[in-house]
Amino acid sequence: MKPRHKKMAVIALSVSALAVSVVLVLNAFQSNLVFFFTPSQVVAKEAPIGKSFRVGGLVEEGSLRRDGDGTTMKFAITDTAEVIQVAYTGILPDLFKEGKGVVAQGKIADDGIFYADEVLAKHDENYMPPEAAEALERAAKAQKTSFKQ
Amino acid sequence: MKWESLSDFFAMGGYGLYVWGSYLVAMACIIGEVVLIRSRKRTLYKHFGQKKRSILRGEK
Amino acid sequence: MTINWFKYASPASFYFLAGRMIPYFTALAIILLVAGLYVGFFVAPTDFQQGEAYRIIFIHVPAAWMSMFLYTVMAFWAGVGLAFNTRLSSMVASAIAPTGAMFAFLALWTGAWWGKPMWGTWWVWDARLTSELILFFLYIGFMSLQAAIDDPKRADKAGAIIALVGVVNVPIIYFSVQWWNTLHQGASVSMIQSPKMATAMLSGMLIMTLAAWMYSIVVILIRTRLIILERERHTAWVSELREGVLE
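Definitions and limits used
Residues numbered from 1 in each chain as written. Chains lettered and ligands numbered in written order. Predicted model: local features only at pLDDT ≥ 70, side-chain atom pairs only at ≥ 80, totals over all residues. Helix = DSSP H or I, 4+ residues; strand = E, 2+ residues; numbered from the N terminus. Contact = placed C-beta atoms within 7 Å. Buried ≥ 20, exposed ≤ 12 C-beta atoms within 10 Å, placed from the backbone. Nonpolar A, V, L, I, M, F, W, Y, C, P; charged D, E, K, R; others polar. Pairing = 2+ DSSP bridges. Expected span 1.5 Å × (residues − 1). Arc of directions from axis to C-beta. Axes fitted to C-alpha atoms, helices over the stretch in contact; angles between N-to-C directions. Parallel < 35°, antiparallel > 145°, perpendicular 65-115°, else oblique. Left-handed = near helix turned anticlockwise from the far one by under 90°. Core = buried A, V, L, I, M, F, W, Y, C linked by C-beta atoms within 7 Å. pLDDT = per-residue confidence, 0-100.

### Notes on the overall build of chain A
Moving on, step 1. The helix and strand inventory of chain A stands at 3 helices and 6 strands.
Moving on, step 2. Going from the N terminus to the C terminus, chain A shows its helices and strands as α-α-β-β-β-β-β-β-α.
Moving on, step 3. By sequence separation, contacts in chain A at least 24 residues apart represent 43% of the contacts at least 6 residues apart.

In structure tokens form, the structure reads like this:
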């Protein structure tokens, strides 16, 4: 490659890199700043009903069950105020668990169920060994029972 | 020792691919950066026509 | 030992000072890296929810921190160079960019390889991931712009403008997980709260961060010295150095 061509290529590269980053900025700030809606927002019709969108919250304890065909999973996403029923066919991520964070993408059908085509796990920022997590849980339970007394 | 065997260590509780996929690329990045710097140094020294490379170190 | 150029040319004095400091920082980087990896793989326990996969944190977080920190330092020196026309500060800014870009790339790469097993996806366009990707593009933009302009002074000025405009992105990355809904979790370590990590895990991460600092210092010092030689090759002190007069 001649030096002049090389320079042109470099300029083209830098211009396109900048263009790509500008497009990314706009894309990110327009549509993805609200990465997901909470169940309360969905119930309050703040989410784009009729279009595909994401719902985020916790998987409600005891809500997970398999449908008759064995591949469709049904569970509920809650933000402790409102609850959205979700149906999903596919592989769940390793961290998907009742009581843990989840973000599902899909649409609400006329039957009021959110049909997800992608389910992602959202974990929290705590890192500790399992023994410490168990101890914390025991302590939380102990506190609850002492409040009752 | 928290790992029972070498294969246990490489398996990373089933996440070996992801853990080592991250660490190997990190290592490659560091090696790559060092190689790039060395080649830049060699080009410069060649340009300078330096026979004794230690002269440019200028540590004294 | 009275050398007259020593007083006037700060790149020259930096050149020799950096040359003396590099071996010490190299030794520190290696020691800290070995210690950090040891703590990360042999002392830090398994995580209660992520199992062993969380061990990616020992590169992911230091790389992400360094990418943001180095960008800020680069923008600072580029800005100083622009404002006061000091040669050395612009050279330092140019020397930082490749290492910063490398760390931004590593943060994105290790994030993808962590996200796939834990979240269930390599990539999402949430505010945290997108703003970090923008940081990577800012580094690339800075470097290619500087490479495209032959005159070093004009290259420094153009680069400084990108660097300074892009610096608004750094707080956006940092606070993105608080300001907006993201798939990425919040900060485990912050100034205002006690860390949300077990001590051994936290110390592994902090030692690896120190190692990344030392590594960055070494590479940036070496690169700055090369840039000094490249740009000051017509000056008297570099000719003296080349002829071995200074030895």
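Here the narrative resumes.
### Examining the overall build of chain C
Moving on, step 1. Within chain C one finds 9 helices and 0 strands.
Moving on, step 2. Projected onto the principal axes, the alpha-carbon positions of chain C cover approximately 65 × 35 × 30 Å.
Moving on, step 3. For chain C, buried positions account for 52% of its 247 residues.
Moving on, step 4. Restricting the contact set of chain C to residue pairs at least 6 apart, pairs at least 24 apart contribute 77%.

### A look at the interface of chain B and chain C
Moving on, step 1. With 25 residues of chain B at the contact, the number on the chain C side is 34 residues.
Moving on, step 2. The set of elements that each furnish at least two residues to the side of chain B that touches chain C consists of α2 (16–48) and α3 (54–57) of chain B.
Moving on, step 3. For the side of chain B that touches chain C, the element with the most residues is α2(B), which contributes 14 residues.
Moving on, step 4. Tallied by class, residues from the side of chain B that touches chain C come to 13 nonpolar, 5 polar and 7 charged.

### Description of the interface of chain C and chain A
Frequently, the measure chosen for interface size is the accessible area removed from exposure when the parts meet.
Moving on, step 1. Each partner contributes to the interface: chain C provides 38 residues, whereas chain A provides 36 residues.
Moving on, step 2. Listing elements by their share of the side of chain C that touches chain A, those giving two or more residues are α4 (87–118) and α5 (127–148) of chain C.
Moving on, step 3. Ranked by residues supplied to the side of chain C that touches chain A, first place goes to α5(C) with 12 residues.
Moving on, step 4. In the side of chain C that touches chain A, the residues fall into 22 nonpolar, 13 polar and 3 charged.

### Things to note about the environment of Thr182(C)
Moving on, step 1. Following the sequence through the fold, Thr182(C) ends up in the loop between α7 (169–179) and α8 (199–231).
Moving on, step 2. Of the residues examined, Thr182(C) has 24 C-beta atoms within 10 Å and is grouped as buried.
Moving on, step 3. Distance in space between the C-alpha atoms of Thr182(C) and Leu129(C) is 8.8 Å, their sequence separation being 53 residues.
Moving on, step 4. Setting aside anything within four residues of it in sequence, one finds Thr182(C) in contact with Phe35(A), Asp126(C), Ala127(C), Arg128(C), Ser176(C) and Val177(C).

### Observations regarding the pairing of strand β3 (residues 72–78) of chain A
All names here are of chain A.
Moving on, step 1. Judged from the 2 bridges that link them, strand β1 (residues 53–59) and β3 form a sheet pairing that is antiparallel. Bridging across to β3, Val-59 finds its partner in Ile-77.
Moving on, step 2. Bridging between strand β2 (residues 65–66) and β3 involves 2 bridges; their strand directions are antiparallel. From the neighbouring strand, Arg-66 faces β3, where its bridge partner is Met-73.
Moving on, step 3. As paired elements, β3 and strand β4 (residues 83–89) share 7 bridges and run antiparallel to each other. Each bridged residue has a counterpart across the sheet, and for Thr-78 the counterpart in β4 is Val-83.

### A word on helix α6 (residues 152–166) of chain C
All names here are of chain C.
Moving on, step 1. Relative to the 21 Å expected for 15 residues at 1.5 Å per residue, α6 spans 21 Å between its end C-alpha atoms, a close match to the ideal helical length.
Moving on, step 2. Residues of α6 that are buried include every one of Asp-156, Gly-159, Ala-160, Ile-162, Ala-163 and Gly-166, and no others. Within α6, the buried residues cover an arc of 170 degrees as seen down the axis, which keeps them to one side. Residues of α6 that are exposed and point more than 90 degrees away from the buried face comprise Arg-154 and Val-165.
Moving on, step 3. Check the buried side of α6 and you find it contacts α3 (57–84), α4, α5 and α7.

### Observations regarding the packing of α3(C) against α4(C)
All names here are of chain C.
Moving on, step 1. Direction vectors running N to C along α3 and α4 enclose 155 degrees, while the axes themselves pass 7 Å from each other. Comparing their axes, α4 and α3 come out roughly antiparallel. The two elements α3 and α4 cross, and the hand of that crossing is left-handed.
Moving on, step 2. Tallied by class, residues from the contact of α3 with α4 come to 20 nonpolar, 9 polar and no charged.

### Concerning the arrangement of the chains
Moving on, step 1. A comparison of contact numbers over the 2 pairs of chains in contact places chains A and C at the top.
Moving on, step 2. Left apart from each other, chain A and chain B have a closest C-alpha approach of 11 Å.

### Considering the nonpolar core
Moving on, step 1. With 118 residues, the main nonpolar core has Ala104(A), Ile56(C), Met74(C), Leu135(C), Phe136(C) and Tyr139(C) as its most contacted residues.
Moving on, step 2. With near-sequence residues (within four places) excluded, Tyr139(C) lies in contact with Ala97(C), Gly100(C), Ala101(C) and Ala104(C).

### Observations concerning unusual backbone geometry
Residues and elements named next belong to chain A.
Moving on, step 1. With phi around 60 degrees, Lys-45 is a residue other than glycine that occupies positive phi space.
Moving on, step 2. If you trace the backbone, Lys-45 turns up in the loop between α2 (39–43) and β1.
Moving on, step 3. For Lys-45, a count of 8 C-beta atoms within 10 Å puts it in the exposed group.

### A look at the environment of Leu202(C)
Residue and element names in this part refer to chain C.
Moving on, step 1. Its place among the elements puts Leu-202 in helix α8.
Moving on, step 2. Spatially, the C-alpha atoms of Leu-202 and Pro-62 are 11 Å apart, while their sequence positions differ by 140 residues.
Moving on, step 3. Filtering out sequence-adjacent residues up to four positions away, Leu-202 remains in contact with Val-189, Pro-195 and Met-197.

### Re the confidence of the model for chain C
Residues and elements named next belong to chain C.
Moving on, step 1. Put simply, chain C has an average pLDDT of 90, and 95% of its residues get 70 or more.
Moving on, step 2. Per-residue pLDDT stays below 50 along residues 1–9; that stretch engages in 6 contacts with residues further than four places along the chain or on separate chains.
Moving on, step 3. Both confidence scores are given for the complex: pTM 0.88, ipTM 0.88.

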